[in-house]
Amino acid sequence: MTDVAVVGGGLGGCMAALTAVRDGAESVRVVAPSPERYRHETGLIDVLGYVPDRETPVVRLSFEMRRLPDDHPYNLVGAKVVDEALETFDDLFVADDGLPYERGQSDRNALFGTATGSVRPTSRYPESVSAGLLSDDRPVRLVGFEQLTHLGATLVGDRLAESVPYDVAATSVDFPMTPSEYPPVVEFARALDRNEETADGTPIREALANEIRPELDVEPRVGVPAVLGLEESEAVRSELETDLQAEVFEIPIGRPNLPGMRLGRRLFEVLEAEGVIVDEGAPVVGVETAGERIENVSIAEDGTETEDTEQVRADTYVLATGGLAAGGIEADREGVSERVFDCHVPHPDGRENWTEAEPLGDHPFVEFGVNVDGELRPCGPDGTPEYDNLRAVGRVIGGRDFVAEQSTGGVAISTGYAAALSALRDES
Amino acid sequence: MGYTPHILVIGGGVLGTGIARDLAIRGLDVTLVERGTLATGATGRMQGILYSAARFADSPDMAKLVHSENETLREIAGHCIEDTGGLLVSHAGDSDERFESLLEGCAELDFPVEELDAEAVREREPELGGDVERALAVPDAVVDPFRLTVANAKGALEYGAEIRSHTEIIDVAVEDGTIGTVTVRRDPSPTGKPEVDDGRGEPATDGGRPGETGTRDDQRGDTDGKEVPGSGRRGAHAPGGLDTSPSLPDDVAGRFERMKDDSLDEIDADYVVNAAGPWAGEVAGLAGFDLPLSFSQGAMVVVDDCPVDAVVTRWREDDEGNTVVPYGTNALLGTTHRDVAGPHDVTEEGAEVDLLVDELSEVVPAVWDPHALRSYWGVRSWPEGADSEHGFAIYDHGEYDDCWGMSSVLGGSLTTHRAVAEAVAGDVCRKFGISRTCRTAGIPLPGSEDEQILDDAMAEFDVDSPLVRRTRRQPGQRGSETFEAGPDNPVVCECQAVTRAEIQDAMRDESGTALDLNDVRIRTSASMGECQGGLCAHRLAAELYPTCDSETTEATLDGLLAERWKGQRHTLWGEGLQIAMQNYALHAGTMNRKSESTVLLSSREADVSTGSDDQENEKSGMSGKTGGVSPSANSVPLGLFDDGGDRERSERPMWGERQR
């Protein structure tokens, strides 16, 4: 018998599992995680970037959270729990050996440049991007790679230069290997991990430094597209920094997003170390309920019910399958549903009401997800919990545009943490 | 030596260009004007089917016309047609009577058709649904309407016609019961393209006198190859409504542009043929006439795979949502018929998309698996009261409005356009007592022998066909080696495997003036795959830089994404909606393109402009700062944010320590 079964393994699901196992649950299981999800994650932990009616980024998080509506997940779990949850995350990863994160001045947002040259607020960030802080007034050199069109360095550099009061210079160099596939993001990272030799026998980290060095002028920091290794990223970056005598930082470039993939890998390492059972890759194929409770979920390797189908029985379940982007919320032409437990997902009638005319408009579909009560239990249309022993975390929760609010990471961490505590309270 | 009448043809669709070609071959002076680029009105927004006569077996006159035109077009325009064949399929429960009468009609008219039983049908098209009982194999085919239209235009050029695109009729004068001067306005810079003939096509001549060969897009007259400064600017046509001339407000810049450009021109033709299709009523309206036209709108859905080889049509009474057209690597689901008041009355609704998917997933269940990429709407027009939407009529304003000098063509179709053009040209010739016969059915269209001629004409008229580009990029075809991905040629759009070299080739046509990503898209098909630009649009934009400044780059990126979104909006469910959400997360989240852009002020600048530091969150809208960054409502003092102060700076390399 499992105490807590977490369905889905994004940031929120992992936080729920970790919190549960650390706070006394004897048996915690993560079922049906999809490592693919982390290819979409930036690896930057946004807590609150924007609040309604203000165009400039939030500076102080705790100050601005007060402006959020009562049904915002932060207010449902309470400011104190949000703080605890973020601290828990910080304790995991700040100064982590494998994947150090920074929290800077933890209650103040940090600003970074994006792959299109915009300025973007975030709260916690991996050390690999930290030298790229825009709220640090030293000059910057961006170096793009000719073979990687994800970062048009000169455009991004010039756009950033328009936004910051110091020099931003930009150039592109050849990445010292011939890609065999496009986009070569993971291929480049693997080669750097293994420090493969280039055609002339130079190790690739050194060869990359040799490409970049002539481009450097007086800038004390150098930004490159985020391809600096997957497993050995700290070693790769540190070797480059030594070779270049400059700080090196990465710029997240969109899918596949290495900083996000690194976070995913590290989270699962931590889960394993804590004794959480992870059923990799086996999707949920069935759910049994009795009255107001979920009795068990069935998982199967190949996604169809066979003799190998395994039933996972747990006291409580955490729904962490993600939103529309991750497939936790699904839509057909008639309506919108939650994939695993078929929880109610409010949505406007008529598909024409799901979108707005502008590509980045305030689309209703962006807010698709389950409604939750104060204990994070998904609720039916009448506002009562669908199941007594089910809680939802992260992006499967709807009702708000967490993307534009730049709060997805903080919401996942806070709800994951809070859901685990709430589940354990129930049990005891 | 006799007098050669000068005919003005209005409308650059397949019909207008067909009429221009016919008249030119008969030896008349012809000028054709088109408001936009060729084939971008009704012609380019239909299903592109060359109909077989069998479909009209119940109306023998139309059937005979379609039969001969189907054969004629195959002879003269085979290079614009893909001979996919067609199947008219009947499901269990569909009216036997209707299918039988189809068979009888074909037999009576002696049309070559082949009846197939269920097994034989499935052998040809394994993806057809289980309900198919029988089918008729008919000589339907897929036409590339863009190439056909350009081939017509090139054919007209070869016989001395003048083709002027981006030229809009703004007035048709009527004097003493006769059509007088027609005033046109040349769009000074339609999509930011260079305005001079670049030598790719026929040499431009001195002012477009009727009868002279000319290919000019414009009437400027400066054909010496020099460009008027600023004339390449996009002006009010910039995507996102952004004016790209930075120093002048929109209206002032516009007025200045017009004065300088002298874009108005007058054409005194002997006769005017109004072939503006669904927009013919607007043209007639300029002369004060009404046209008896009926209109309907039709939706089409593009799906991300092609489950059929032939044009498959379910043969039954209700003809909405009954056709799947193989279109390169995509399939096109069509179509609907909703009466509308005119071309401006088209309303795009998800319900029509649903109807197409519902109906056609019965015919080809596999349309359900590949996801719907996009939808678009076209508008058709036909003479009021005609038996079918395929009918046509010549509306002589001399007869109906007592005004000599203009006829409007009502209706017509892709399949019958040549015959309609023949009728129109014959009618015009009769008016001038000219008795030359039509020769268009016997002269192959340009490019029949050497397709390069048509490729060049496509470039000359700046028309691109998404269908052709895909086939041109097949291995062994022209340009395929240079465009192939390799060490020095990275991929910019993964879905469609479009490389940097291709993007740059598409940009080069523009001679480095203002560029438009939508043009690059049409030329390369970049951003037209599964992600609909989500993963690549910003990367395409970056390729334009620094040829374009960053403002223009950003504006044209917004324009591309808006164009992509318009087509996506009505087909968003399932995987399509999932991808749309991923795109939103990338653009609004990771790249923060939704928020207002933020400008950071240095501590010194912030100190100058603000006083105390409590309420730091309230002081984002300050002003009065000095220095390189312009103050704006989006300025924030950099010092308020996390500066990484907790990190151990002592380990960092010190300034100036770098070794070389």
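Within each chain, residue numbers correspond to sequence positions counted from 1 in written order. Ligands are numbered from 1 and chains lettered from A, in the order in which they are written. Reporting of local features is limited, given that this is a predicted model, to residues whose pLDDT is at least 70; pairs of side-chain atoms are given and counted only at 80 or more, and all residues count toward the totals for whole chains, interfaces and linings. Note that water and hydrogens are dropped before the side-chain values are worked out from all heavy atoms of the structure.

1. Observations regarding the overall build of chain A
Inclusion rule: Counting from the N terminus, the helices are DSSP H or I runs at least four residues long and the strands are E runs at least two residues long. Buried means the residue's accessible area, taken with a 1.4 Å probe over protein chains only, is under 20% of the maximum for its type, while exposed means over 50%, and partly exposed covers the values in between. Contact definition: two residues touch when any of their heavy atoms are within 4.5 Å. Using a 1.4 Å probe, the Shrake-Rupley method yields the accessible areas, and only the shown protein chains count as cover for residues.
Helices and strands together make up the secondary structure of chain A, namely 11 helices and 17 strands. Taking all 428 residues of chain A together, the buried fraction comes to 63%. Expressed as a percentage of contacts within chain A between residues at least 6 apart in sequence, the contacts between residues at least 24 apart total 66%. Accessible surface, chain A as shown: approximately 14900 Å² in total, 41% of it carbon and sulfur.

2. Here we look at a negative patch on the surface
Where we set the bar: Only residues whose relative accessible area exceeds 30% and that form no salt bridge are eligible for patches; like-charged ones are grouped when within 9 Å, while nonpolar side chains (Val, Leu, Ile, Met, Phe, Trp, Tyr) are grouped when within 5 Å. The working definition used for a salt bridge is a side-chain nitrogen of Lys or Arg within 4 Å of a carboxyl oxygen of Asp or Glu. His is not counted, nor are the chain ends; Lys and Arg add positive charge and Asp and Glu add negative charge. For the purpose of locating charges, the reference atoms are NZ of Lys, CZ of Arg, CG of Asp and CD of Glu.
A grouping of Asp83(A), Glu87(A), Asp91(A) and Asp107(A) is seen on the molecular surface, where their side chains present a negatively charged patch. If you trace the backbone, Asp91(A) turns up in helix H4 (residues 79–93).

3. Concerning the interface of chain B and chain A
The condition is simple: What counts as buried area is the accessible surface, traced by a 1.4 Å probe, that two parts surrender upon association, with contributions from both included. In protein, a polar contact means a hydrogen-donor-capable atom and an acceptor-capable atom, both N or O and within 3.5 Å, with residues adjacent in sequence counting only if both atoms are side-chain atoms; elsewhere, any N or O pair within 3.5 Å suffices.
Contacts between the two partners involve 81 residues from chain B and, on the opposite side, 94 residues from chain A. Buried area between chain B and chain A, summed over both chains or domains, comes out near 7600 Å², and the portion from carbon and sulfur atoms is 56%. Here chain B is connected to chain A by seven salt bridges. Between Asp354(B) and Arg351(A) there is a salt bridge, with its nearest N and O atoms 2.6 Å apart. The interface formed by chain B and chain A includes 35 residue pairs in polar contact (both at pLDDT 80 or more). Of all the secondary structure elements, the ones that give two or more residues to the side of chain B that touches chain A are helix H8 (350–363), strand E22 (491–493), helix H16 (537–544), helix H17 (550–568), helix H18 (574–590), strand E24 (599–601) and strand E25 (635–637) of chain B. Looking at the side of chain B that touches chain A element by element, the count peaks at 13 residues for H18(B).

4. Overview of the nonpolar core
Residue and element names in this part refer to chain A. Using the following cut-off: The nonpolar core is taken to be a set of buried Ala, Val, Leu, Ile, Met, Phe, Trp, Tyr and Cys residues, with the residues joined through side-chain atoms within 4.5 Å.
Ranked by size, the top nonpolar core spans 94 residues in total, and within it Phe-89, Leu-263, Leu-271, Phe-341, Phe-365 and Phe-368 carry the most contacts. Of the residues forming this core, the biggest block, nine residues, is contributed by helix H11 (residues 408–427). With sequence-adjacent residues up to four places away left out, Phe-341 is seen in contact with Val-7, Val-287, Ile-294, Val-297, Tyr-317, Leu-319, Tyr-387 and Leu-390. Core analysis: the next-biggest nonpolar cluster, separate from the first, contains 52 residues, Val-59, Leu-111, Met-177 and Leu-192 among them.

5. Thoughts on helix H10 (residues 258–273) of chain A
Residues and elements named next belong to chain A. Note the cut-off: Between the first and last residue of a helix there are one fewer steps than residues, each counted as 1.5 Å, and that sum is the expected span.
Between its first and last C-alpha atoms H10 spans 22 Å; for 16 residues at 1.5 Å apiece the expected length is 22 Å, and the two agree. Counting buried positions along H10 gives 12 out of 16 residues, so the element sits mostly inside the fold. The complete set of buried residues in H10 reads Leu-258, Pro-259, Gly-260, Met-261, Arg-262, Leu-263, Gly-264, Arg-266, Leu-267, Phe-268, Val-270 and Leu-271.

6. With respect to the sheet that holds strand E1 (residues 6–10) of chain B
All names here are of chain B. Operational definition: Strands pair, by our definition, only if DSSP identifies at least two bridges between them. Fitted lines through C-alpha atoms give the axes, limited to the stretch in contact for helices. The angle between two N-to-C directions lies from 0 to 180 degrees.
The six strands are arranged E9-E2-E1-E13-E21-E20 in an open sheet whose pairing can be described as mixed. Each end of this open sheet is capped by a strand with a single partner; those strands are strand E9 (162–164) and strand E20 (392–396). When strand polarity is set aside, the average angle formed by the axes of neighbouring strands in this sheet is 15 degrees. Direction of pairing for strand E2 (residues 29–33) relative to E9: parallel, over a ladder of three bridges. Considered in E9, the bridge of Thr-31 is made with Glu-162. Taken strand by strand, helix H1 (residues 14–25) contacts E1, E2, strand E13 (271–274) and strand E21 (406–411), and its axis lies near 170 degrees from that of E2.

7. A word on the state of the cysteines
All names here are of chain B. Keep this limit in mind: Note on disulfides: each one is a pair of cysteine sulfur atoms within 2.5 Å.
Evaluation of the coordinates by the stated rule reveals zero disulfides over all chains. Just so you know, Cys-429 is unpaired, no disulfide at all, and the nearest cysteine sulfur is the one on Cys-438, 9.4 Å from it. Judged by relative accessible area, Cys-429 falls into the buried class, the value being 1%.

8. A look at the packing of helix H1 (residues 11–22) of chain A against H11(A)
Residue and element names in this part refer to chain A. Note the cut-off: Should the near helix be turned anticlockwise from the far one by less than a right angle, the crossing is left-handed, and should it be turned clockwise, the crossing is right-handed. Charged means Asp, Glu, Lys or Arg here, nonpolar means Ala, Val, Leu, Ile, Met, Phe, Trp, Tyr, Cys or Pro, and polar covers whatever is left, Gly included.
Packing of H1 against H11 leaves a shortest axis separation of 7 Å and a crossing angle of 35 degrees. Between H1 and H11 the crossing geometry is right-handed. Counting all contacts with H1, which are made through Leu-11, Gly-12, Met-15, Ala-16, Thr-19 and Ala-20, the residues of H11 involved are Gly-409, Ala-412, Ile-413, Gly-416, Tyr-417, Ala-420, Leu-421 and Leu-424. For the contact of H1 with H11, a count of residues per class yields 10 nonpolar, four polar and no charged.

9. Structural notes on the pairing of E21(B)
Residues and elements named next belong to chain B. Along E21, six of the six residues are buried, which leaves the element largely enclosed by surrounding structure. Sheet topology places E13 next to E21; three bridges connect them, and they run parallel. Residue pairing in the sheet places Val-273 in a bridge with Ser-407 of E21. Examined bridge by bridge, E20 and E21 share five bridges and lie antiparallel to one another.

10. So, the packing of H1(A) against H10(A)
Residues and elements named next belong to chain A. Short version of the rule: Any angle that is under 35 degrees is reported as roughly parallel, and any over 145 degrees as roughly antiparallel; angles of 65 to 115 degrees are reported as roughly perpendicular and all others as oblique.
The geometry of H1 relative to H10 is characterised by a closest axis approach of 10 Å and an angle of 20 degrees between their N-to-C directions. The angle between H1 and H10 places the two elements in the roughly parallel class. The chirality of how H1 crosses H10 is left-handed. Where H1 approaches H10, its residues Leu-11, Cys-14, Ala-17 and Leu-18 are matched on the opposing element by Leu-263, Leu-267, Phe-268, Val-270 and Leu-271. Of the residues that constitute the contact of H1 with H10, the class distribution is nine nonpolar, no polar and no charged.

11. Here's the deal with the packing of aromatic side chains
Residues and elements named next belong to chain A. Applicable threshold: Two rings belonging to Phe, Tyr or Trp (six-membered ring only in the last case) form a pair when the distance between their centres is within 6.5 Å. Interplanar angles under 30 degrees mark stacking, angles over 60 mark edge-to-face geometry, and anything in between is tilted.
Overall, the coordinates contain 15 aromatic pairs over all chains when judged by the stated rule. With a centroid separation of 4.9 Å and 70 degrees between ring planes, the pair formed by Phe-112 and Tyr-125 is classed as edge-to-face. One end of the pair, Phe-112, is in strand E4 (residues 110–113); the other, Tyr-125, is in strand E6 (residues 125–126), with 13 residues separating them in the sequence. Given a relative accessible area of 0%, Tyr-125 falls into the buried group. Between Phe-175 and Phe-188, the aromatic rings sit 3.8 Å apart at their centres with planes inclined by 15 degrees, giving stacked as the arrangement. Residue Phe-175 is located in the loop between strand E8 (168–173) and helix H7 (185–194), and its partner Phe-188 is located in helix H7; the two are separated by 13 residues in the primary sequence. Here the aromatic cluster, defined as three or more aromatic residues joined through ring pairs, consists of Phe-89, Phe-93 and Tyr-101.

12. Focus: the pairing of strand E10 (residues 247–251) of chain A
Residues and elements named next belong to chain A. Condition: Looking down the strands as they point away from you, a crossover is right-handed if its path from the first strand over the helix to the second goes clockwise.
Counting buried residues along E10, five of its five residues qualify, which places the element largely inside the surrounding structure. Across the two faces of E10 the burial is the same, with Glu-247, Phe-249 and Ile-251 and Val-248 and Glu-250 all buried. In the sheet, strand E9 (residues 221–225) pairs with E10 via five bridges, with the strands oriented parallel. Bridging across to E10, Val-222 finds its partner in Val-248. Running through helix H9 (residues 233–244), the crossover from E9 to the neighbouring parallel element E10 is right-handed.

That's the geometry; what it means functionally is another story.
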